[in-house]
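Observations on chain architecture
Listed below, chain by chain, are the residues.
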Amino acid sequence: DAMVIQNPRYQVTQFGKPVTLSCSQTLNHNVMYWYQQKSSQAPKLLFHYYDKDFNNEADTPDNFQSRRPNTSFCFLDIRSPGLGDAAMYLCATGHGKNIQYFGAGTRLSVL
Amino acid sequence: AQTVTQSQPEMSVQEAETVTLSCTYDTSENNYYLFWYKQPPSRQMILVIRQEAYKQQNATENRFSVNFQKAAKSFSLKISDSQLGDTAMYFCAFMTDFGNEKLTFGTGTRLTIIP
C-alpha cells in the first residue's frame, strides 16, 4: 500500500514547456518535501511545506515553484524546464524529528 | 552548517558476508538524529535505521546495526549476512533537533552484493 504516491513516474517535456509533477500522501503528515536527484548523486532539497508554510531553499532556482492545496497533495511546477532540470524528483513526507517517507519519484526528461 | 561525508563511493561484497559502510559528519550541535536510507535500483528510498544522538546505545534493526561514535562524529552501518536484496545506494543523513526538519544527505555508497 503506497503511502506517498507520485505521478507520473516518467515525464517527458520539451525545453521551455511548463510541467507539473504531483505528489499525494495517505499518512496525514504535516511536512512535505520536494527533492531533486541527479544521476548517482544525493537528493537535493528544493523546498518543503510545514503545514501551509512554504520554505524555499536559498539555492533553489526561481524556475521551480510549489503548491500545497491541502494536507494530502503537493505539486512541483517547473515553469520553463531546461536541459539541466532533467532529473529524478522525489517527494517525501515527515512528521516531527523522524523518518521521512519517500515516493517512488518522477523521472523528468527534457528534450 | 552540517555536512555529511561518505568516503566510499562503491563497495561490493559476497552474499552472506558482512560489510560496513562509513559515514562521518560535522556539526556543532549536541542533539541531532542520524539515518541510513537505502535506495534500490529504480525503487523508492526507504529508511534502514535511525539513531538519536542523545542515546548512547547503538541502534539495531535485524541484520542492520550502527556504530555511533559521537565524539568522533562517526556513524557507520554494518550489514550482516548480506543478501542480494541489499544491493542499493545507501545514503547517510543528518537532521538537527531544533528548527526545521530537513535532512542533510551524504553523497551515497553504491553497494553491490555478489551472488
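Further up the page is the structure itself.
First things first, this report covers the structure right here in the doc. (Residues numbered from 1 in each chain as written. Chains lettered and ligands numbered in written order. Predicted model: local features only at pLDDT ≥ 70, side-chain atom pairs only at ≥ 80, totals over all residues. Heavy atoms only, no water.)

Comments concerning the overall build of chain A
In terms of regular secondary structure, chain A is built from 0 helices and 11 strands. Ordered by position from N to C terminus, the α and β elements of chain A give β-β-β-β-β-β-β-β-β-β-β. On C-alpha atoms alone, chain A measures out to a radius of gyration of 13 Å, which is about the 13 Å that the 2.2 N^0.38 rule sets for 111 residues. Counting only C-alpha atoms, chain A reaches 40 × 30 × 25 Å along its principal axes. Out of the 111 residues belonging to chain A, those deemed buried represent 51%. Sequence separation of 24 or more characterises 54% of the internal contacts of chain A that already satisfy a separation of 6 or more. Here chain A has roughly 5400 Å² of accessible surface; of this, 51% comes from carbon and sulfur atoms. Across chain A, 10 positive and 8 negative side-chain charges occur, with their mean positions spaced 5 Å apart. (Helix = DSSP H or I, 4+ residues; strand = E, 2+ residues; numbered from the N terminus. Rg over C-alpha atoms; globule rule 2.2 N^0.38 Å. Buried < 20%, exposed > 50% of the residue type's maximum accessible area, 1.4 Å probe, protein only. Contact = heavy atoms within 4.5 Å. Areas by Shrake-Rupley, 256 points an atom, 1.4 Å probe, with all protein chains shown as cover. Lys, Arg positive; Asp, Glu negative; His and termini not counted. Charge placed at Lys NZ, Arg CZ, Asp CG, Glu CD.)

A closer look at the state of the cysteines
All chains considered together, the criterion is met by 2 disulfides over all chains. At a sulfur-sulfur separation of 1.9 Å, the disulfide partner of cysteine 23 of chain A is cysteine 91 of chain A. Judged by the torsion about the S-S bond (-75°), the cysteine 23 of chain A/cysteine 91 of chain A disulfide is left-handed. Residue cysteine 23 of chain A is found in strand β3 (residues 19–25), and its partner cysteine 91 of chain A is found in strand β9 (residues 87–94); the two are separated by 68 residues along the sequence. Considered together, cysteine 23 of chain A and cysteine 91 of chain A belong to a single accessibility category, that of buried residues. One disulfide bridge connects cysteine 23 of chain B with cysteine 92 of chain B, the sulfur atoms lying 2.0 Å from each other. Negative torsions about the S-S bond denote left-handed disulfides, and the value of about -70° found for cysteine 23 of chain B with cysteine 92 of chain B makes this one left-handed. Linking cysteine 23 of chain B in the loop between β3 (19–21) and β4 (24–26) with cysteine 92 of chain B in strand β10 (residues 88–96), this pair joins segments that are 69 residues apart in sequence. Accessibility expressed as a relative area gives 1% for cysteine 23 of chain B, which makes it buried. (Disulfide = S-S within 2.5 Å.)

Quick word on the interface of chain A and chain B
Contacts between chain A and chain B engage 23 residues on the former and 24 residues on the latter. At the boundary of chain A with chain B, total buried surface from both sides reaches about 1800 Å², with 52% on carbon and sulfur atoms. Linking chain A to chain B there are 1 salt bridge. Joining chain A to chain B, the criterion identifies 5 residue pairs in polar contact (both at pLDDT 80 or more). Those elements that provide at least two residues to the side of chain A that touches chain B are β4 (31–37), β5 (44–50) and β10 (100–102) of chain A. With 4 residues, the single largest contributor to the side of chain A that touches chain B is β4 of chain A. A class-by-class count of the residues in the side of chain A that touches chain B yields 11 nonpolar, 9 polar and 3 charged. (Buried area = accessible area lost by both parts, 1.4 Å probe. Salt bridge = Lys/Arg side-chain N within 4 Å of Asp/Glu carboxyl O. Polar contact = N/O pair within 3.5 Å; in protein donor to acceptor, adjacent residues only side chain to side chain. Nonpolar A, V, L, I, M, F, W, Y, C, P; charged D, E, K, R; others polar.)

Digging into the environment of lysine 38 of chain B
Residues and elements named next belong to chain B. Positionally, lysine 38 belongs in strand β5 (residues 32–39). Between the C-alpha atoms of lysine 38 and threonine 109, which are 71 residues apart in sequence, the distance is 9.7 Å. Lysine 38 has contacts with Gln44, Met45, Ile46, Val48, Gly85, Asp86, Ala88, Met89 and Tyr90, leaving out every residue within four places of it along the chain. At 2.9 Å, the side chain of lysine 38 forms a polar contact with the backbone oxygen of glycine 85.

Some details on the packing of aromatic side chains
Applying the stated criterion across every chain, the model contains 17 aromatic pairs over all chains. Taking 6.4 Å as the distance between ring centres and 15° as the angle between the ring planes, the aromatic pair formed by phenylalanine 73 of chain A and phenylalanine 75 of chain A counts as stacked. On the basis of an interplanar angle of 35° and a centroid distance of 6.1 Å, the ring pair of tyrosine 25 of chain B and phenylalanine 94 of chain B is categorised as tilted. Remark: phenylalanine 94 of chain B occurs in strand β10 and tyrosine 25 of chain B occurs in strand β4; sequence separation between them is 69 residues. Judged on exposure class, the residue tyrosine 25 of chain B and its partner phenylalanine 94 of chain B are both buried. Grouped by ring-pair contacts, the aromatic residues Tyr33, Tyr35 and Phe102 of chain A together with Phe35, Tyr37, Phe91 and Phe105 of chain B constitute a single cluster. (Phe/Tyr/Trp six-rings, centres within 6.5 Å; stacked < 30°, edge-to-face > 60°.)

Looking at the side chain of serine 65 of chain B
Residues and elements named next belong to chain B. Here serine 65 lies in strand β8 (residues 64–69). Overall, serine 65 belongs to the buried group, its relative accessible area being 16%. In contact with serine 65, other than residues within four places in its own chain, are Ile49, Ala59, Thr60, Ser76, Leu77 and Lys78.

Just geometry here; none of it tells us what the structure is for.
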